[in-house]
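Chain by chain, the residues run as shown.
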Amino acid sequence: MSDLMFSNRFYSLGADFFTSSTPQGLIEPYFIRTNQVLAEQLGLNLSFFSSVEALKICSGNLLLKGMQPLAQAYAGHQLGKFNPFLGDGRSILLGGIETTKDYLEWQLKGAGKTAYARHADGLAGLNEALHEYNMSAQLAALGIPTVQCLAFSAGKNLVYRQGFQTAAILTRLAPSFIRFGHFELYYFERKYVELQQLADFVIQHYYPDCLNQPKPYAAFFQAVVERTAQLIAHWQSVGFVHGMMNTDNQSILGISLDLGESAFNPERKPHFVSSPADEKGRYAFAEQPVVGLWNCNILARALSPLIEWTDLKAALETYEAIYLATVESPT
């Protein structure tokens, strides 16, 4: 573990975008699941999960050099209604490492209260953590872009979730955890300097080809629309139901995020709903393609200070064709 060179790209954005947050470690931690395939992709040796350091990192009890733990600030539309007071309530971004393919951020989910937790405890229960670990593994095996879990650890701590259960922490990896809701926050607060700073950051690190376009911001939005349409087409092709397609759960990179409410719908039942909170079926299986476009419209409004409406509209109009083309040829 000491050979891993961590940095934190997101930290470089500055204090307007996050709050520093120290993980709350598990007591007497132990691994429940470990992802050896992902570890090998990271260049970690076979004995990685046998090390004391690895367990301490994945249970929130140790920070390595270069890690700068933080909770990200964002807003979002939840079940169609805007909520300006969101952010990482129980997830802490430690930093990231350069791999042979790309940069991967390490995040602990269930690592305790952050500045955005409000009245929640910031922890995760064993059952919900196991569900998210398994769902991410299934999506990855199907070749669908998703956050991946390197490890799933538990300890002697208890959490109350309709009864007491063991506390757990997921070590989640993704190129970035930035969501549509990040951009909504700065649009809502009319912080257009910060909005542009965030857009520049995302383009520089994740959409560098857009820098060579006549209108980089418009090209960036077009790319996000494409990735979103493709992602949801992949979901539909395998009968996956995200469950809670709020804009604060929609990845700016077109990957599957926050899988705690998700499920598979093998029979492709159109009205299948996987979240008990979705009482009106807003995020039912058959509605996901429409919700994806709706979410892109919300992002378009958030980016409107940077992009002309004609360009936003043109990008949105490509969504359906991209979605249908991907459904017909999902590979």
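Residues numbered from 1 in each chain as written. Predicted model: local features only at pLDDT ≥ 70, side-chain atom pairs only at ≥ 80, totals over all residues. Heavy atoms only, no water.

**A word on the pairing of strand E7 (residues 103-109)**
Looking along a regular strand, one sees the side chains alternate between the two faces of the sheet. Our working rule: Think of it in three bands: with a 1.4 Å probe and only protein chains considered, a residue is buried below 20% of the maximum accessible area for its type, exposed above 50%, and partly exposed in between. A helix here means a DSSP run of H or I that spans at least four residues, while a strand means a run of E at least two residues long, and both kinds are numbered starting from the N terminus. When DSSP locates at least two bridges between a pair of strands, those strands are taken to pair.
Of all seven residues making up E7, seven are buried, and the element is well covered by its neighbours. By the alternation rule, side chains of E7 split into Tyr 103, Glu 105, Gln 107 and Lys 109 and Leu 104, Trp 106 and Leu 108, which are all buried. Joining the antiparallel neighbours strand E6 (residues 91-98) and E7 is a turn of four residues. Direction of pairing for E7 relative to strand E10 (residues 164-174): antiparallel, over a ladder of five bridges. Among the inter-strand pairings, Lys 109 is bridged to a residue of E10, identified as Leu 170.

**Quick word on helix H3 (residues 126-141)**
So the rule is basically this: By this rule, a helix spans an expected 1.5 Å times one less than how many residues it contains. Arc definition: directions from the helix axis to the C-beta atoms.
With 16 residues, H3 extends 23 Å between its outermost C-alpha atoms, agreeing within 8% with the 22 Å of an ideal straight helix rising 1.5 Å per residue. Among the residues making up H3, those that are buried are Ala 129, Glu 132, Tyr 133, Met 135, Ser 136 and Leu 139. The arc that holds every buried residue of H3, seen down its axis, measures 170°, which confines them to one face. Among the exposed residues of H3, those pointing more than 90 degrees away from its buried face are Asn 127 and Ala 141. One or two steps after H3, the chain reaches Gly 143, where phi turns positive at roughly 80°.

**Some thoughts on the nonpolar core**
Let me state the cut-off plainly: The definition of a nonpolar core used throughout is a set of buried Ala, Val, Leu, Ile, Met, Phe, Trp, Tyr and Cys residues joined through side-chain atoms within 4.5 Å. Two residues form a contact once any of their heavy atoms are found within 4.5 Å.
Phe 10, Phe 183, Val 202, Tyr 207, Phe 220, Phe 221 and Ile 252 are the most contacted members of the largest nonpolar core, which has 67 residues in total. Broken down by secondary-structure element, the contributors of at least two residues to this core are strand E3 (70-72), H3, helix H4 (180-188), helix H5 (192-206), helix H6 (216-238), helix H7 (288-303), helix H8 (309-316) and helix H9 (319-328). Broken down by element, this core gets its largest block of residues, 13 residues, from H6. Once you skip the residues sitting within four places of it in the chain, Ile 252 turns out to touch Ile 178, Arg 179, Phe 180, Phe 183, Val 202, Tyr 207, Phe 220, Val 224 and Leu 299. If you look at the next biggest cluster of nonpolar residues, it comprises 28 residues, including Leu 26, Leu 94, Leu 104 and Ala 111.

**Points about the pattern of salt bridges**
Condition: One speaks of a salt bridge when a side-chain nitrogen belonging to Lys or Arg is within 4 Å of a carboxyl oxygen belonging to Asp or Glu.
Across all of its chains, the model carries 14 salt bridges by this definition. Where Glu 132 meets Lys 109, a salt bridge forms, and the shortest distance between an N and an O atom there is 2.8 Å. Of the two residues, Glu 132 is situated in helix H3 and Lys 109 in strand E7; the sequence distance between them amounts to 23 residues. For the pair Glu 132 and Lys 109, one class covers both residues: buried. The partner of Asp 258 in a salt bridge is Arg 179, and the shortest N-O contact between them spans 2.6 Å. Of the two residues, Asp 258 is situated in the loop between strand E11 (240-241) and strand E12 (263-264) and Arg 179 in the loop between E10 and H4; the sequence distance between them amounts to 79 residues. The same class applies to Asp 258 as to Arg 179, namely buried. Three or more residues joined by partner-sharing salt bridges are found here, namely Lys 109, Glu 132, Arg 172, Arg 179 and Asp 258.

Remember, this is a structural readout, not a statement about activity or role.
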